[in-house]
Structure formats: structure tokens, C-alpha cells
Amino acid sequence: MKLLFVNACIRGEKSRTYELCLDYLEKFKIAKKDQTWEIEELNLNDIKIEPLDMNTLSKRDSLVKEKNFDDSEFDFAKKIIEADHILIGAPYWDLSFPSKLKAFFERCSITGFTFIYSPEGIPEGKCKAQSLSYITTSGSKIGDFNFGYNYTKAICGLFGIKKTYFASAEELDIIGKDVQKIMLNAKDKITAIIDEL
């Protein structure tokens, strides 16, 4: 079985989101030690990934029409389809997440591949994973503006991923806040997610 870690922690190893993701992965490995799991990391910092434009969209549409899914255009979508569990680590940026993660989702969202429409017009996802965990950190309070996770949760429904989990460490840049305590509380949330998986 495979856990796919989509790493959108743009600040790399200095990222507090990345710290929480490492905590998640370590706890996951311990919890699943009696099972055979492979962990594959997609570090978006190291990958050239561009938003679709007129030319790339036209090419993709042609490939889908021909049912030719061997092209590298479908590499990211294949990883999403084949994963048994997905972890996304993304800092809270501009009310959502870094643009590279949006471009990744765009490359994965393919009608006729990651999902199809039924004769009634209802989307049916083709992804193997039944669950996805989304981890983020923010300098301020997220509150009702959790657009990054809400978008991810919605697209999981499109892909056929039925259950999503969320853990965050918030208000990390507010003077007077106990950053260490906030991070520990987030790690407790991660423990609760792992216990449920």
C-alpha cells in the first residue's frame, strides 16, 4: 500500500507545516508497522509544474479523447489515483495555499481519468484512496476563511475520496502566543487522526 505525501511546504525544512507533516508520517509508520506501506513524497518545490494554458489544455483534451494515458501529462493524476492514503502539507497563504498546490490539483483533475460523469451527470471518482489528511499552519487565526482545506475537501469528493481530516497550528505569529504549546496541540490533533485511520 502507498501513502502519497504532497509536500507544498514552500519554506522547506524550516517550515512549521513540514514539522507537523514529519510528526504525522512518523506516527503513521508506527501505527501501521504491522502492514506494508510505502511512503512517496512529491516535493512541489523540486518539481516544475505550471498552470494549464490553451496549448497544454488542448493537448490534454486530445489525449483523453484518444484514451492515451501514457503521456507524462497524466503522471500526477496517476499518483493520486493509485495512492491508498494521501497527506497534504500546505501553509496557509492568502486564505488558501501556495499556487503550486493549485497547479498540482489542476493537473490531477481530469474528466475521464480521475473522475467520470454518470449518465445523470453525477461525478464518480476513480481514486483508490478512501482518506486524505490536510495539515497547515498559519500566523493568524484561520476561522471561517479555511479556503485551502475546504477546496481540498471538495475536490476529494470529485475524486471519490470519501473522508478528509484536518489539523492546523494557528496564530503562530501573534506576539505573546505560546508557539511551542500551539505546535504541541496540533501534534495532539495529528495523533487523534492517526488513531482514527
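For the structure itself, look to the data block above.
Residues numbered from 1 in each chain as written. Predicted model: local features only at pLDDT ≥ 70, side-chain atom pairs only at ≥ 80, totals over all residues. Heavy atoms only, no water.

**Concerning the state of the cysteines**
Part 1 of the reasoning: Using the criterion set out here, one finds zero disulfides in the structure.
Part 2 of the reasoning: Considering cysteine sulfurs only, Cys9 is the nearest to Cys21, which forms no disulfide, with 4.6 Å between them.
Part 3 of the reasoning: According to the relative accessible area criterion, Cys21 is buried, its value standing at 0%.
Part 4 of the reasoning: No disulfide involves Cys156; its sulfur sits 8.1 Å from the nearest other cysteine sulfur, which is in Cys127.
Part 5 of the reasoning: On the accessibility criterion, Cys156 (1% relative accessible area) is buried. (Disulfide = S-S within 2.5 Å. Buried < 20%, exposed > 50% of the residue type's maximum accessible area, 1.4 Å probe, protein only.)

**Brief notes about a nonpolar patch on the surface**
Part 1 of the reasoning: Residues Leu95, Phe145 and Phe147 make up a contiguous nonpolar surface patch of roughly 290 Å² in combined accessible area.
Part 2 of the reasoning: Relative to the assigned elements, Phe147 resides in helix H5 (residues 147-159). (Patch = residues over 30% accessible without salt bridge, like charges linked within 9 Å, V, L, I, M, F, W, Y side chains within 5 Å. Areas by Shrake-Rupley, 256 points an atom, 1.4 Å probe, with all protein chains shown as cover. Salt bridge = Lys/Arg side-chain N within 4 Å of Asp/Glu carboxyl O. Helix = DSSP H or I, 4+ residues; strand = E, 2+ residues; numbered from the N terminus.)

**Let's talk about helix H6 (residues 179-196)**
Part 1 of the reasoning: The end-to-end C-alpha distance of H6, which contains 18 residues, comes to 26 Å, matching closely the 26 Å that a straight helix rising 1.5 Å per residue would cover.
Part 2 of the reasoning: Listed as buried for H6 are Ile182, Met183, Ala186, Lys187, Ile190, Ile193 and Ile194. Within H6, the buried residues cover an arc of 140° as seen down the axis, which keeps them to one side. Among the exposed residues of H6, those pointing more than 90 degrees away from its buried face are Lys181, Asp188 and Asp195.
Part 3 of the reasoning: Packing partners of the buried residues in H6 comprise helix H1 (16-31), strand E6 (131-137) and strand E7 (163-169).
Part 4 of the reasoning: The opening residue of H6, the one whose side-chain oxygen lies 3.3 Å from the backbone nitrogen of Gln180, is Asp178. (Expected span 1.5 Å × (residues − 1). Arc of directions from axis to C-beta. Contact = heavy atoms within 4.5 Å. Polar contact = N/O pair within 3.5 Å; in protein donor to acceptor, adjacent residues only side chain to side chain.)

**A short note on the sheet that holds E7**
Part 1 of the reasoning: If you trace the five strands from one edge of the open sheet to the other, you get E2-E1-E3-E6-E7, paired in parallel fashion. The open sheet has two edge strands with one neighbour each: strand E2 (38-43) and E7. Recorded for the sheet is a direction-independent mean angle of 15° between the axes of neighbouring strands.
Part 2 of the reasoning: Pairing of strand E1 (residues 2-7) with strand E3 (residues 85-89) involves five bridges; the strand directions are parallel. By the bridge assignment, Phe5 is partnered in E3 with Leu87.
Part 3 of the reasoning: In the packing of H6 onto the sheet, contacts are made with E6 and E7, and the angle to E7 comes to roughly 165°. (Pairing = 2+ DSSP bridges. Axes fitted to C-alpha atoms, helices over the stretch in contact; angles between N-to-C directions.)

**Considerations on the packing of H1 against H6**
Part 1 of the reasoning: At a closest axis distance of 10 Å, the pairing of H1 and H6 adopts a crossing angle of 35°. Between H1 and H6 the crossing geometry is right-handed. On H6, the residues touching Arg16, Glu19, Leu20, Asp23, Tyr24, Lys27, Phe28 and Ala31 of H1 are Met183, Ala186, Lys187, Ile190, Thr191, Ile193 and Ile194. (Left-handed = near helix turned anticlockwise from the far one by under 90°.)

**Observations regarding the packing of aromatic side chains**
Part 1 of the reasoning: With the rule as written, the count across this model stands at 15 aromatic pairs.
Part 2 of the reasoning: On the numbers, 6.1 Å between centres and 55° between planes, the contact of Phe104 with Phe105 is tilted.
Part 3 of the reasoning: What makes Phe104 buried here is its relative accessible area of 0%.
Part 4 of the reasoning: Between Phe115 and Tyr117, the ring centres sit 5.6 Å apart and the planes meet at 90°, which makes this aromatic pair edge-to-face. (Phe/Tyr/Trp six-rings, centres within 6.5 Å; stacked < 30°, edge-to-face > 60°.)

**Some details on the pattern of salt bridges**
Part 1 of the reasoning: Enumeration over the complete set of coordinates arrives at eleven salt bridges.
Part 2 of the reasoning: With its nearest N and O atoms 3.9 Å apart, the salt bridge here joins Lys29 to Glu26. Separated by three residues within a single helix, Lys29 and Glu26 lie in helix H1, roughly one turn from each other.
Part 3 of the reasoning: According to the relative accessible area criterion, Lys29 is partly exposed, its value standing at 45%.
Part 4 of the reasoning: Relative accessible area serves as the criterion here: at 43%, Glu26 is assigned to the partly exposed category.
Part 5 of the reasoning: Taking the shortest distance from any N to any O, the salt bridge between Glu196 and Lys163 comes out at 4.0 Å. Taken together, the positions of Glu196 in helix H6 and Lys163 in strand E7 put the pair 33 residues apart, joining distant regions of the chain.
Part 6 of the reasoning: The exposure class of Glu196 is partly exposed, given its relative accessible area of 49%.
Part 7 of the reasoning: Look at Lys163 and you get partly exposed, because its relative accessible area is 37%.

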